[in-house]
Amino acid sequence: MTSIAANNDKNNNNGKTRLQKTKRGMRRVDGQTFIVTFQKKKLEEFTTEEAIEVDVYCQTDSSTSKVVLSRTKDQDDNYVIDEAIKIIASKRKEKYENEKIKKREKAKNLFMEYLSTNSKDDKLLLEGAKLWPENLHIRVSLTSHYLKNGKLEMCIRHCKRLVTEARRNNNTSAAVFEELGTDISAIVSNAYKIMGDALVQVGEKKYKHAINAYVLSLRENESNAKARKALEQLRISMNEKSEKDAEEKVEGSQDGLLDEEEEKKRKIIAAANVVGEIEDLLSHHQMVSRDTNFKFQCTMCGECCRQADNIFLSPTDIWRMARTPSLWKQFHIRTSMKLRKKFKKSFHWTVKNGLPICYLRPIKSETGRCHYSYPLYHVNGTLLSYDETVKEGLLEEEVYTPVKPEEYNLTEEEELAAMAKFQEDELDEINTIGVTEEKNEGSADDAGDDEDSEDYDDDTDDDEDDNNEGKSTGTDKVVNKKRKDKKKKGKSLPVSVLNSYNRQALGCALGEKNMPNMCAGYPIAKELSWADFWHVRETKEEKEQNADVYRTKRDHDGEKIVIVKTDACEGFYPDNMPRTQPFTNVNAVPAVAREQPLDDFIKHNDLDRRWEETDWFMKLIDEVSSSGIIDALNDDKEAKRNFQTKLVNIWFNPDKLANEKTIGLQGSWKTVARAVDAATKKLVDEFRAKYVLEQLD
Ligand code: SF4
Ligand code: SF4
């Protein structure tokens, strides 16, 4: 025993001595992490000048290089660390530059080969782009190649890649473009034009995205005549189609197929869907950077919660919506199971490449507004919260008549008259506070319709307490009585907050924190998402190219954001125009909208994190889509339906993935993403093993 202990002590001492003698230091240079290790010497062991051998480890490629440095007595350990890293970092850079020259030469040859042989093979271009990612000529040829050969998805993907590279270099490698003598705006504009052409060829369901792509093309370069022509043609054909559809519907209604109200509603929807003139479209889209000043002030007029369509929901959106404090208070909702059950009609379904996609569609709702919206009322100038609104039995507003274009496209005189009228009305309202009509009661779930062809249910019963759900009627009767009593006693009653169109202003029951990412991002979007929401997955090669530290984009370098102005949104009103005033004077909506750098708006609404979430889900969709599982299940309808239903339960009921002992998934959105990723992978593997591998056998 004794001898073993003695040996251990000796080993420990040896280890300690060794550790004491080794010096380590870490630095980040050019986005790379270096770790330096060398043997430390005591000062008394020093001669005047000492050669010192240093190991420099680089995390980027896990390589270790040796450097021999000369060090004098007054140069400390930090000098050794800095100097060694400086030498290695510069050698690496030099090596990188030499390799880059060789790669570019090879890329040029491949490109020339493609051009000279008029090759139909995209491999030459792809290899060229891999060797010289910044080369926009090669990338332009790739997009045209795919468009010409009908490979539309590849074309769209490479247009996006082209824009990304152009933006990146616009800020970081300007020299490359000088060398190429290329105008970045023209290249980006053409990329969007080609993307628009590809989207048009995909078919009618992509026309709206094609309009967006052409608009971005013109926003980048207004003199792009080809983009202008393509946009005009598409605009005319979409409008003709819209008019024809409306006429058919009207004819149908005259045959007694639709009632008068329905006909009116459809006409209005058809009119609202008409694509405006090019100049109008351009004036409604601005392409800016994060440092651009952004003049926007949401007034809670509620028009976006009525007119929005296709509000895409990710698993984390639904998970967060289910954690809204007011929904817990009112309906005891705290999991996606509860939310899905209570607000069933708010969820609309579609399929993309055979995979289920979930949306909110306020414009489709029977009441003409989102299921999560609530009418705004105030009592003596104090705004009622969602909970108070429910308690007062005021959730259901009067019949809403959609705002028509002529109501927001006012002439200058009309605007002035409207402003005068608004001021008059405001005075009247102040004088008549305390007198209002009785409202009907209802719950959020009473609203909406369910027009979509796909409808997915949960496959298990909700195991939580249902007792408090949807029982507003009894309470509302009491509330009604209380309100009547108040009226008798001359107490103030809630007064509707009206927007500038004289419609009821709306709030969101989910609040800023819990509303879907798409709502929080309104009215801005990242340029490439605006052009086409899908296709975000990087290929293996793209990942490698982007991992190249010398090319890595720093923060949001070169990124562009699109501001999309909708006519009815009060947030963009000119200064001093009458707007919704939901608050008392302390918080009153200013007559002149606040101006702030766009980046502040992005930070305030936590949009970088929200966009990261959406990208994560897009990538997951793309991965499942490219796994080929849906194609493999195409011949077995039952198996396909079974797969889709299970996927719906994983993606749009994420709390079901929680441990049985916990109520729903706890943690951050990343916890949810991890759980959804793992469950999706397991499901795909299960179905692959059962159906794909079986087929191969
Ligand atoms: S902000 Fe809220 S109420 Fe408005 S559309 Fe989005 S979820 Fe619905
Ligand atoms: S001001 Fe604009 S963003 Fe705000 S509620 Fe109205 S339409 Fe929506």
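Another aspect to go through is the overall build of the chain. Within the chain, the regular secondary structure consists of 28 helices and 17 strands. Looking at the 697 residues of the chain, the share that counts as buried comes to 45%. Within the structure as shown, the chain displays about 36600 Å² of accessible surface, and the carbon and sulfur contribution to it stands at 49%.

Turning our eyes to something else, we now look at the sheet that holds strand 3 (residues 49–58). Read from one edge of the open sheet, four strands run 1-2-3-4, paired in antiparallel fashion. Sheet topology places strand 1 (22–29) and strand 4 (63–72) at the edges, where each strand pairs with a single neighbour. With direction set aside, neighbouring strand axes in the sheet form an average angle of 25°. Relative to strand 4, helix 2 (residues 77–117) is tilted by about 130°, and along the sheet it contacts strand 1, strand 2 (32–39), strand 3 and strand 4.

Another point: the site of ligand 2. Taken together, the neighbourhood of ligand 2 is formed by Phe 296, Cys 298, Thr 299, Met 300, Cys 301, Gly 302, Cys 304, Tyr 522, Cys 569, Glu 570 and Gly 571. For the shell around ligand 2, the class distribution of residues is seven nonpolar, three polar and one charged.

On to the site of ligand 1, then. Close to ligand 1 lie Cys 305, Ile 311, Leu 360, Cys 370, Tyr 372, Ser 373, Cys 508, Leu 510, Pro 516 and Cys 519, which account for all nearby residues. Partitioned by chemical class, the residues of the shell around ligand 1 number nine nonpolar, one polar and no charged.

Once that is clear, we can look at the confidence of the model for the chain. Mean pLDDT over the chain works out to 80, with 75% of the residues at or above the 70 mark. Note on residues 1–19: pLDDT under 50 across the span, and zero contacts to partners over four residues away in sequence or across chains. Ignoring residues within four places in sequence, the model shows residues 458–482, a span with pLDDT below 50, making 38 contacts including any to other chains.

Considering all chains together, one arrives at 33 salt bridges under this definition. Here Glu 220 and Arg 167 are joined by a salt bridge, their closest N and O atoms 2.9 Å apart. Of this pair, Glu 220 sits in helix 8 (residues 207–220) while Arg 167 sits in helix 5 (residues 152–172); the two residues are 53 residues apart in sequence, bridging distant segments of the chain. The burial state of Glu 220 is the same as that of Arg 167; both residues are buried. The shortest N-O distance in the salt bridge between Arg 228 and Glu 279 comes to 2.9 Å.

Further remarks concern the packing of aromatic side chains. Summed over the entire model, instances satisfying the criterion amount to 20 aromatic pairs. Here the aromatic rings of Phe 294 and Phe 296 are separated by 5.5 Å at their centres, their planes lie at 10°, and the arrangement is stacked. Take Phe 294: its relative accessible area is 1%, and that puts it in the buried class. You can call Phe 296 buried: its relative accessible area is 6%. Relative to Phe 601, the ring of Phe 296 has its centre 6.0 Å away and its plane inclined at 85°; by these criteria the two rings are edge-to-face. Here the residue Phe 296 occupies a position in the loop between strand 6 (293–295) and helix 12 (304–307), and Phe 601 occupies one in helix 24 (residues 598–604), the gap between them amounting to 305 residues. Linked through ring pairs, Phe 312, Trp 349, Tyr 359, Phe 533, Trp 534, Trp 616, Phe 617, Trp 651, Phe 652 and Trp 669 together constitute an aromatic cluster.

Let us look at the environment of Arg 168. Turning to its location among the elements, Arg 168 is positioned in helix 5. Judged by its relative accessible area of 5%, Arg 168 is buried. Along the primary structure Arg 168 and His 556 are separated by 388 residues, whereas in three dimensions their C-alpha atoms are 9.2 Å apart.

The two faces of the sheet receive side chains in turn, since in a regular strand these alternate between them. Residue alternation in strand 3 divides its side chains into a buried set, Glu 50, Ile 52, Val 54, Val 56 and Cys 58, and an unburied set, Glu 49, Ala 51, Glu 53, Asp 55 and Tyr 57. Looking at chain direction, strand 2 and strand 3 are connected through five bridges and run antiparallel. Looking at strand 3, one finds that Ile 35 is bridged to Tyr 57. Here strand 3 runs beside strand 4; their pairing, made up of 10 bridges, is antiparallel. In the sheet register, Tyr 57 faces strand 4, and the bridge partner there is Thr 64. In this structure, the hairpin formed by strand 3 and strand 4 is closed by a connection of four residues, where Ser 62 is found at a positive phi of approximately 50°.

Ranked by internal contacts, the top residues of the largest apolar core, which has 77 residues, are Phe 312, Leu 339, Phe 347, Tyr 372, Ile 524, Phe 643 and Trp 651. In terms of residue count, the dominant contributor to this core is helix 28 (residues 669–696) (10 residues). Of all hydrophobic cores here, the second largest spans 50 residues; its members include Ile 138, Leu 147, Tyr 214 and Leu 218.

A word on the side chain of Lys 193. Residue placement: Lys 193 occurs in helix 7 (residues 184–202). Once residues within four sequence positions are removed from consideration, Lys 193 is found in contact with Tyr 214, Ser 217, Asn 224, Lys 226, Ala 227 and Ala 230.

Turning to its location among the elements, Ser 185 is positioned in helix 7. By relative accessible area, which is 26% here, Ser 185 ends up partly exposed. As for Ser 185 and Glu 222, which are separated by 37 residues in sequence, their C-alpha atoms are 9.9 Å apart. Setting aside residues up to four positions removed in sequence, Ser 185 forms contacts with Glu 220 and Asn 221.

As a further point, take the packing of helix 2 against helix 4 (residues 136–148). Viewed as axis vectors pointing N to C, helix 2 and helix 4 meet at an angle of 35°, and their least axial separation amounts to 11 Å. In the crossing of helix 2 with helix 4, the sense of the turn from one axis to the other is left-handed. Note on element contacts: helix 4 touches helix 2 through His 137, Ile 138, Ser 141 and His 145, opposite Ala 107, Phe 111 and Tyr 114. Across the contact of helix 2 with helix 4, the residue classes break down as four nonpolar, three polar and no charged.

Here is what the cut-offs are and how they apply
Residues numbered from 1 in each chain as written. Chains lettered and ligands numbered in written order. Predicted model: local features only at pLDDT ≥ 70, side-chain atom pairs only at ≥ 80, totals over all residues. Heavy atoms only, no water. Helix = DSSP H or I, 4+ residues; strand = E, 2+ residues; numbered from the N terminus. Buried < 20%, exposed > 50% of the residue type's maximum accessible area, 1.4 Å probe, protein only. Areas by Shrake-Rupley, 256 points an atom, 1.4 Å probe, with all protein chains shown as cover. Pairing = 2+ DSSP bridges. Axes fitted to C-alpha atoms, helices over the stretch in contact; angles between N-to-C directions. Contact = heavy atoms within 4.5 Å. Near = heavy atom within 4 Å. Nonpolar A, V, L, I, M, F, W, Y, C, P; charged D, E, K, R; others polar. pLDDT = per-residue confidence, 0-100. Salt bridge = Lys/Arg side-chain N within 4 Å of Asp/Glu carboxyl O. Phe/Tyr/Trp six-rings, centres within 6.5 Å; stacked < 30°, edge-to-face > 60°. Core = buried A, V, L, I, M, F, W, Y, C linked by side-chain atoms within 4.5 Å. Left-handed = near helix turned anticlockwise from the far one by under 90°.

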